[in-house]
Amino acid sequence: MATPSSSSSPATQIMLAIYEKKTTSIDLYRPLRNYIVYNYSEREAQNLEDDLQTLKQYRTDIERASPSDSLTSRRDLLINYFRALTAIESRFPISPESDHINTLTFVWHDAFKNKLKASQQNIHLEKAAVLFNLGAVHSQLGLGFDRGQVEGRKNASHSFMKAAGVFAFLRDNVAMKACMGSSNTVDVSVECVGMLERLMLAQAQECVFENTIAKGSSATVCAKISRQVGIFYEEALAALKVAPLNQHFEKAWHSHVQLKAALFYAEACYRYGLELHDKEEIGEEIARLKSGINALSEARKSSPKGAAQQLLDAYNILEGNLNRNLERAVKENDRVYLMRVPPASSLQPLPAFQMVKSMPMTEVFDASKEKMFASLVPDSSAKALSRYTEMVDDVIRTQAEILQQGSELTRVRLKEMDLPESILALEGHSALPTTLKEDVDAVQICGGPAGLEAELQQLRDLRRVNQELLVQTEELLQKEATEDAQFRSQFGTRWTRPQSSTLTKNLQDRLNRFAANLKQAAESDTRIERSVREHSSLMSILDRHPIESVLPTLGRPIMSLDANEDAILGALKQSLRQLETLGAQRAGLEDMLKEMKRKDDILPKLMTSTGSYDDLFRKEISKYDQICQEITKNVEAQENLLVQIQAQSNEFAAVFNLEDYKASREKCFKQIEAAIAKYQEIKENINEGLKFYVTLQDAITNMKQQCSDFVMTRSIQCREMIEEVQRQMAGLSFQDGKNTGNYNYPSVGQSNQPQRAPAQQPNAGSIPQQPHPQSQPYYSPPQQPNTGNIPQQPHPQSQTYYSPPQQQPNAPGYNQPPPPYGSQQQQPPYHLPTARPTYTSPQNQQQPGAAHEYGQPAYPGWQGPYYNAPGQQPGSMPRPPYTVPSPYPPPNQGGYYRQ
């Protein structure tokens with residue numbers, strides 16, 4: 001039996017490499033820079049100067065290829081330059097058109113017939129030539145490894161696969177565009193680069209076969225791998241036999257590929273025959289060996305001259321091995337097996353096992369991360385990006401709506417089934433509805449019903465302070481009136497000053513109205529206190545901490561028929577946990593969608609795309625297909641789970657008597673709502689009362705100040721009149737009315753100091769003026785005059801006393817007659833003075849006019865204000881010390897004591 005040792009070992013040294021295309025020099029720098037300046041700006045061209053210089057250097061290095069350059073550095077240069085060309089293609093239109101870059105012409109020679117060349121004014125020829133040279137460099141790298149070692153064979157195989165990948169990329173993406181120009185070469189045609197791809201795959205599979213032989217693999221494995229080598233060579237040979245390649249390559253290429261195809265077919269027959277011999281299938285073994293010998297003979301006869309001697313030596317070795325095995329098999333069959341030898345046409349194709357494939361080069365050539373000329377974004381790319389963004393937004397919006405609808409459906413369905421509240425109630429964790437809980441918390445933060453007593457005490461204190469201020473004001477006026485009556489009784493007709501009761505009528509009326517308002521406010525306070533007492537039991541529920549302790553609980557049935565309550569409850573809980581998990585997944589899916597959109601930037605790919613934008617959009621938008629499918633699965637799983645929960649909930653409600661619990665709970669909720677409503681009503685009334693008393697306190701304080709000013713003015717008038725009467729009684733007289741003194745007594749609300757007209761010098765013989773009135777005693781008994789006639793009354797125009805209120809239209813408001821109740825001059829309810837801005841309602845910022853009254857009849861059933869409060873007068877006395885702290889929010893307008 002023949003050994004399966006290297007039957008064709010000399011052939012392992014025979015492989016093909018491809019040489020690079022040659023080009024002519026070209027200046028990329030100047031045309032590209034001029035285009036940037038013309039279409040963008042000089043400043044932009046300056047910013048891109050480094051990129052332009054880098055591109056210029058790339059092209060120079062491509063032109064000056066030297067045998068001394070390392071293949072790896074050449075490979076990296078070609079890859080970088082191709083990426084740069086991809087970035088240029090979408091930003092710089094290079095063509096013969098007038099508005100394009102039409103001064104660039106790329107010239108490249110054919111790699112297999114150097115005399116042929118192509119020249120085009122488009123970048124596709126440049127890209128095709130660069131890719132061709134890159135594939136050639138990879139083939140040279142593969143041929144340079146030492147295939148006598150395992151690692152060398154592996155590296156060589158990878159290099160040939162990369163070369164095949166480059167040629168495949170050139171065929172699928174660039175070759176067709178490059179051949180559409182007016183001038184082209186065969187080497188970058190679709191047919192040629194397709195043939196080169198199959199050739200490189202054949203040599204990569206051949207390296208694998210060599211490694212398989214070196215490892216001593218079985219004859220079956222070697223036969224399958226060898227057959228695939230032959231198939232790759234046969235495909236390359238088929239391409240070489242048709243136009244345009246049949247007349248383009250040298251005869252040595254045809255001879256090499258044809259002999260390799262036959263050699264590895266015969267090798268597969270030889271290896272497969274060894275397997276058949278071990279199985280004692282001698283008849284088929286003889287047929288396979290004859291088929292291999294015939295293939296070698298036909299290839300030798302039909303192949304052109306020029307094959308390498310090593311390849312011919314491998315032929316001879318393999319042919320000798322086939323003939324020896326055939327001779328042995330024929331003898332064994334004639335003597336022992338006597339099997340029928342099948343004809344070659346009836347044999348099944350030899351099995352093949354492909355171990356190599358073209359290396360994907362899309363990522364290698366991806367220029368989306370290329371930073372060169374990144375700042376230049378043409379309008380077409382910007383519009384395309386906008387289209388894609390709209391597509392993504394539509395996907396995100398649709399899926400987000402599906403997720404939100406799923407969550408809303410879950411919420412509604414669980415609320416209808418009263419879950420999980422019912423389970424919490426069974427476990428003693430009852431809870432209030434959210435809105436009711438917020439209202440209860442607001443009541444308890446304010447102190448609850450127990451805190452109302454402190455606010456009632458504030459009402460009492462404020463009412464007392466107002467009453468004391470009112471009494472003090474009345475005492476001021478009463479004291480002045482008493483003094484005026486005493487002097488009037490003493491001096492009789494000489495005391496010509498107006499009576500106090502005439503001047504203070506409006507003030508007294510106002511004080512009476514304040515007193516009436518205070519009386520009715522006290523009655524309202526009493527009603528509030530009575531309401532607090534009457535509803536204390538209702539509102540006491542709001543003082544419970546926590547208030548959930550008053551809620552009814554869901555209990556287990558007293559009698560259990562089949563003791564399956566725990567099983568029902570457990571199954572329902574498990575389903576709810578699964579539903580919660582689905583909800584968490586939906587939240588995660590929504591976040592994932594947003595994150596995908598945030599990271600989805602296809603502008604670099606748009607800038608480097610050479611195909612249809614629609615194809616790129618379909619490819620990119622497909623990224624969202626998987627997450628959309630997950631969202632659909634989540635929603636469907638939730639729908640099925642809700643159906644299951646509905647059935648479990650019905651069973652739970654029947655076992656645990658859920659309807660009675662719901663009725664008790666609703667009754668408790670209504671009780672809490674009623675208590676909150678009553679508390680809020682009382683609280684609002686108290687707040688209105690506090691606001692009323694504070695506002696009234698300001699008004700009475702202002703009133704008291706006016707009365708003090710009035711009393712002081714009357715006191716000054718009193719002294720001056722006493723002085724005048726004393727002079728009359730002493731026999732003093734003046735020559736004209738001016739010498740009697742022109743006294744202008746200020747009305748209530750004016751300055752405390754009287755404004756006296758300066759007395760004129762008396763005539764000769766007249767009696768000199770008395771000292772300042774303040775140096776005289778408050779009251780001096782009248783003296784009898786010595787001589788002269790003393791006039792009993794001064795001239796009506798020689799002396800001006802305190803003017804009646806009706807004669808001073810510009811006097812403060814208390815001088816005016818009170819408007820009738822309900823007149824249209826009334827201010828809005830609870831108008832607050834500017835002196836206390838804390839309690840001023842926004843709609844009542846203006847102070848009342850001088851003609852408006854403080855007092856109005858208190859409410860019948862409390863509708864309308866107690867009074868309209870004026871603003872604090874400038875220069876008035878300080879505010880009373882008793883004030884109410886500001887944390888009381890102003891209540892809504894309307895009566896603060898509701899019946």
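Since the structure is predicted, the reported quantities are computational estimates derived from the model, not experimental observations. (Residues numbered from 1 in each chain as written. Predicted model: local features only at pLDDT ≥ 70, side-chain atom pairs only at ≥ 80, totals over all residues. Heavy atoms only, no water.)

Caption draft 1: Focus on the packing of aromatic side chains. Tallied over the full model, the rule gives 17 aromatic pairs. Taken together, a centroid distance of 5.1 Å and an interplanar angle of 50° make the contact between Phe-249 and Trp-253 tilted. Summarising the aromatic geometry, the rings of Phe-487 and Phe-491 are spaced 6.3 Å apart at their centres and angled 15° between planes, so their arrangement reads as stacked. With a gap of 4 residues between them, Phe-487 and Phe-491 both fall in helix H15 (residues 452-491), about one helical turn apart. Taken individually, Phe-487 and Phe-491 each receive the classification buried, so the pair is uniform in this respect. Ring pairing ties together the aromatic residues Phe-112, Phe-132, Phe-167, Phe-249 and Trp-253, which thus form one cluster. Positioned above the aromatic ring of Phe-132, the side-chain terminus of Lys-21 is 6.0 Å from the ring centre. Seen from the ring of Tyr-29, Lys-56 lies directly overhead, with NZ or CZ sitting 5.6 Å from the centre. (Phe/Tyr/Trp six-rings, centres within 6.5 Å; stacked < 30°, edge-to-face > 60°. Helix = DSSP H or I, 4+ residues; strand = E, 2+ residues; numbered from the N terminus. Buried < 20%, exposed > 50% of the residue type's maximum accessible area, 1.4 Å probe, protein only. Lys NZ or Arg CZ within 6 Å of the ring centre and 35° of its normal.)

Caption draft 2: Spatial organisation of the pattern of salt bridges. Tallying each qualifying case throughout the model produces 44 salt bridges. Here Asp-600 makes a salt bridge to Lys-623, at a shortest N to O gap of 3.2 Å. You can see Asp-600 sitting in the loop between helix H19 (565-599) and helix H20 (603-608) and its partner Lys-623 sitting in the loop between helix H21 (613-621) and helix H22 (625-655), a full 23 residues away along the chain. Taking relative accessible area as the criterion, Lys-623 reaches 36% and is therefore assigned partly exposed. Through salt bridges with shared partners, one network takes in Arg-171, Asp-172, Glu-197, Arg-198 and Glu-235. (Salt bridge = Lys/Arg side-chain N within 4 Å of Asp/Glu carboxyl O.)

Caption draft 3: Up close: the packing of H19 against H22. For the pair H19 and H22, interaxial distance at closest approach is 9 Å and the crossing angle is 160°. Of the possible angle classes, the one that applies to H19 and H22 is roughly antiparallel. Every pair of crossing elements has a handedness; the one defined by H19 and H22 is left-handed. Residue composition of the contact of H19 with H22, grouped by class: 19 nonpolar, 8 polar and 4 charged. (Axes fitted to C-alpha atoms, helices over the stretch in contact; angles between N-to-C directions. Parallel < 35°, antiparallel > 145°, perpendicular 65-115°, else oblique. Left-handed = near helix turned anticlockwise from the far one by under 90°. Nonpolar A, V, L, I, M, F, W, Y, C, P; charged D, E, K, R; others polar.)

Caption draft 4: Expanded view of the nonpolar core. Counting 88 residues, the largest nonpolar core has Ile-18, Leu-55, Phe-92, Leu-196 and Phe-373 as the members making the most contacts within it. Grouped together as the second largest cluster of nonpolar side chains are 43 residues, Leu-462, Leu-518, Leu-542 and Met-703 included. (Core = buried A, V, L, I, M, F, W, Y, C linked by side-chain atoms within 4.5 Å.)

Caption draft 5: Representation of the environment of Arg-74. Note on placement: Arg-74 falls in helix H4 (residues 71-89). With a relative accessible area of 6%, Arg-74 lands in the buried category. For Arg-74 and Val-137, which are 63 residues apart along the polypeptide, the C-alpha to C-alpha distance reads 7.5 Å. At 3.1 Å, the side chain of Arg-74 and the side chain of Glu-20 are in polar contact. A polar contact is formed between the side chain of Arg-74 and the backbone oxygen of Asp-61, at a distance of 3.1 Å. (Polar contact = N/O pair within 3.5 Å; in protein donor to acceptor, adjacent residues only side chain to side chain.)

Caption draft 6: The side chain of Ser-255, seen in detail. Turning to its location among the elements, Ser-255 is positioned in helix H9 (residues 251-278). On the basis of relative accessible area, Ser-255 is assigned to the buried category, the value being 0%. With sequence-adjacent residues up to four places away left out, Ser-255 is seen in contact with Ser-303, Pro-304, Lys-305, Gly-306 and Ala-307. (Contact = heavy atoms within 4.5 Å.)

So far we have only geometry, and geometry alone does not tell us how the molecule works.
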